Amino acid sequence: MSIPEVRKEAEVLAGKLGHKRLVVVFGEHPSSGADYICEVMREIYKVKVKTRRGFGAIRRVNVNAAPMSIADYKKIKAAGIGTFQVFQETYHLETYNQVHPYSTIKGNYLWRLYSLHRAMEAGIDDVAIGALFGLYDWRFEVMGLLAHARDLEKHFGIGPHTVSFPRLEPAANTPFIKKTDHAVKDEDFKKLVAVLRLSIPYAGMIVTCRETPQMMREVIAMCTQRDASSKVGIGAYSERGDAQEENIQQFILGDSRSLDAVIRDLASMGYITSFCTAGYRCGRTGNNIMTMLKSGKEGCLCKLNAVLTFQEWLEDFGSAETRKIGEELIAREIAEIEKRVPGDFSPVILQSFKEYHSRIKNGERDLCF
Ligand code: SF4
């Protein structure tokens, strides 16, 4: 995509849908190297769109791209990257070599395996791991993810910020899924999410739109993040309608509901949707946030920021139906926060929180702890 095309996409995502955090996926091609990634990120951060009561902007750009050299990682760190993701796809060497022959661009297993170590060495202290479940035995992949997390902790004192566990889906021109013996059954999928949740308790767990709404409901309590209203076609947010999207998407999504519908569904289950990006922008990353996460202190801030960012989203983008159910949920959350004073929150924090909350209702944006 050209930079003006990237801008158009970001304007729709920030101004019409209300996203605050993106994962921007780059192809593995010489023309989408580090310099292009930096340009894309800078353009996205510049977007600011007027909304119903305030303005929309992308506050955090995460990047999913090919493994890079330390010099290139330094460039994207300087351009303001959020989390850097490289998924190993499969930790099983033989399968990796089969699906990515050595002579191909993605064919170097070790270069990919140590890509996040290099990112850390370059100063990117926020990295994400993942495996594509279905390429090989899911139990092996779970152990691969755990070993990866432990090795990052051992060398840098910081584990992965998030773990992703997409399941292989049918994709255009890719016969692999039809032939594999390793497709992960629903029951096993729930097990692997539980094992990862318990084994890497400090990490964010990301469940993707590849899963159906029903599966999402079953695993969401073990997860911390999900994507919503995602489109996997290039330029699909601004350029094309849903019919065209079907023809150009990379693979089939299990959940194609709008962000509003997803948020309403979660709210009806009693889950608040947080758009918080505060920690990263207040310097709570890497070792800092790891200590805060392990002690539970960051979790208290999560609660306050979740209410504030959810309120922002409802004001600017929520449908009448979603606003109603969302406001009821927020009232319950505030009552719970009040009950936790002075244990988890000081009276001073409570007062600032309430002041921020009413300022957001009056159109101010981006107030957080
Ligand atoms: S406060 Fe919670 S949700 Fe916000 S950045 Fe920190 S960990 Fe993430």
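Residues numbered from 1 in each chain as written. Predicted model: local features only at pLDDT ≥ 70, side-chain atom pairs only at ≥ 80, totals over all residues.

Asker: Which parts of the structure should I look at to understand the overall build of the protein?
Answerer: Looking only at helices and strands, one finds 17 helices and nine strands in the protein. Principal axes of the C-alpha set define a box for the protein whose edges measure 60 × 45 × 45 Å. Classification of the 369 residues of the protein by burial places 34% in the buried group. Contacts spanning at least 24 positions in sequence make up 73% of the contacts within the protein whose residues lie at least 6 apart. (Helix = DSSP H or I, 4+ residues; strand = E, 2+ residues; numbered from the N terminus. Buried ≥ 20, exposed ≤ 12 C-beta atoms within 10 Å, placed from the backbone. Contact = placed C-beta atoms within 7 Å.)

Asker: When you look at unusual backbone geometry in this model, what are you seeing that I'm missing?
Answerer: Note: most residues except glycine have negative phi, and most peptide bonds are trans. Cis peptide bonds are those with omega within 30 degrees of zero, and the linkage from Val 341 to Pro 342 qualifies with 10 degrees. Within the secondary structure, Pro 342 sits in the loop between helix 16 (320–339) and helix 17 (347–361). At Glu 89, a residue that is not glycine, the phi angle is positive and equals roughly 70 degrees. Locating Glu 89 in the fold gives a position in the loop between strand 5 (84–85) and helix 4 (93–99). Of the residues examined, Glu 89 has 22 C-beta atoms within 10 Å and is grouped as buried. Positive phi is not limited to glycine here, since Ser 229 has a value of about 55 degrees. The exposure class of Ser 229 is partly exposed, given the 19 C-beta atoms found within 10 Å.

Asker: Is there a simple way to explain the nonpolar core in this structure?
Answerer: One recurring pattern in soluble globular proteins: nonpolar side chains tend to sit buried together. The biggest cluster of nonpolar side chains holds 51 residues, and the ones touching the most others in it are Ile 44 and Leu 196. The contact partners of Ile 44, leaving out residues within four places of it in the chain, are Val 6, Ala 10, Leu 22, Ile 58 and Val 61. Membership of the second largest hydrophobic core comes to 12 residues, among which are Leu 304, Val 307, Leu 308 and Trp 313. (Core = buried A, V, L, I, M, F, W, Y, C linked by C-beta atoms within 7 Å.)

Asker: Just to check I follow, could you spell out the site of the ligand for this structure?
Answerer: In the vicinity of the ligand, the contacting residues are Ser 274, Cys 276, Ala 278, Gly 279, Tyr 280, Arg 284, Glu 298, Leu 301, Cys 302 and Asn 305. Contributions of two or more residues to the shell around the ligand are made by helix 13 (278–281) and helix 15 (297–317). A per-element tally of the shell around the ligand places helix 15 first, with four residues. Of the residues assigned to the shell around the ligand, the class counts are five nonpolar, three polar and two charged. Taken together, domain 1 (3–282) and domain 2 (301–361) each give at least three residues to the shell around the ligand, which thus spans both. (Near = placed C-beta within 6 Å. Nonpolar A, V, L, I, M, F, W, Y, C, P; charged D, E, K, R; others polar. Domains from an automatic or database assignment.)

Asker: Got a minute to help me understand the packing of helix 1 (residues 3–17) against helix 2 (residues 34–46) in this structure?
Answerer: The description of two helices packed together rests on the angle between their axes and the distance between the axes. Remark: helix 1 packs on helix 2, axes separated minimally by 9 Å, with the N-to-C direction vectors making an angle of 40 degrees. In terms of their interaxial angle, helix 1 and helix 2 are classed as oblique. Read as a crossing pair, helix 1 and helix 2 show a hand that is right-handed. Contact residues: Ile 3, Val 6, Arg 7 and Ala 10 in helix 1; Glu 39, Val 40, Glu 43 and Ile 44 in helix 2. Split by residue class, the contact of helix 1 with helix 2 holds five nonpolar, no polar and three charged. (Axes fitted to C-alpha atoms, helices over the stretch in contact; angles between N-to-C directions. Parallel < 35°, antiparallel > 145°, perpendicular 65-115°, else oblique. Left-handed = near helix turned anticlockwise from the far one by under 90°.)

Asker: Just to check I follow, could you spell out the domain arrangement of the protein for this structure?
Answerer: Many descriptions give the size of an interface as the accessible area lost when the pieces come together. Once the domains are mapped, the protein shows domain 1 (3–282) and domain 2 (301–361). Look at where the C-alpha atoms of domain 1 and domain 2 centre, and you get two points 28 Å apart. The greatest single-element share of the side of domain 1 that touches domain 2, amounting to five residues, is contributed by helix 12 (residues 259–268). Within the side of domain 1 that touches domain 2, the residues separate by chemical class into six nonpolar, eight polar and four charged.

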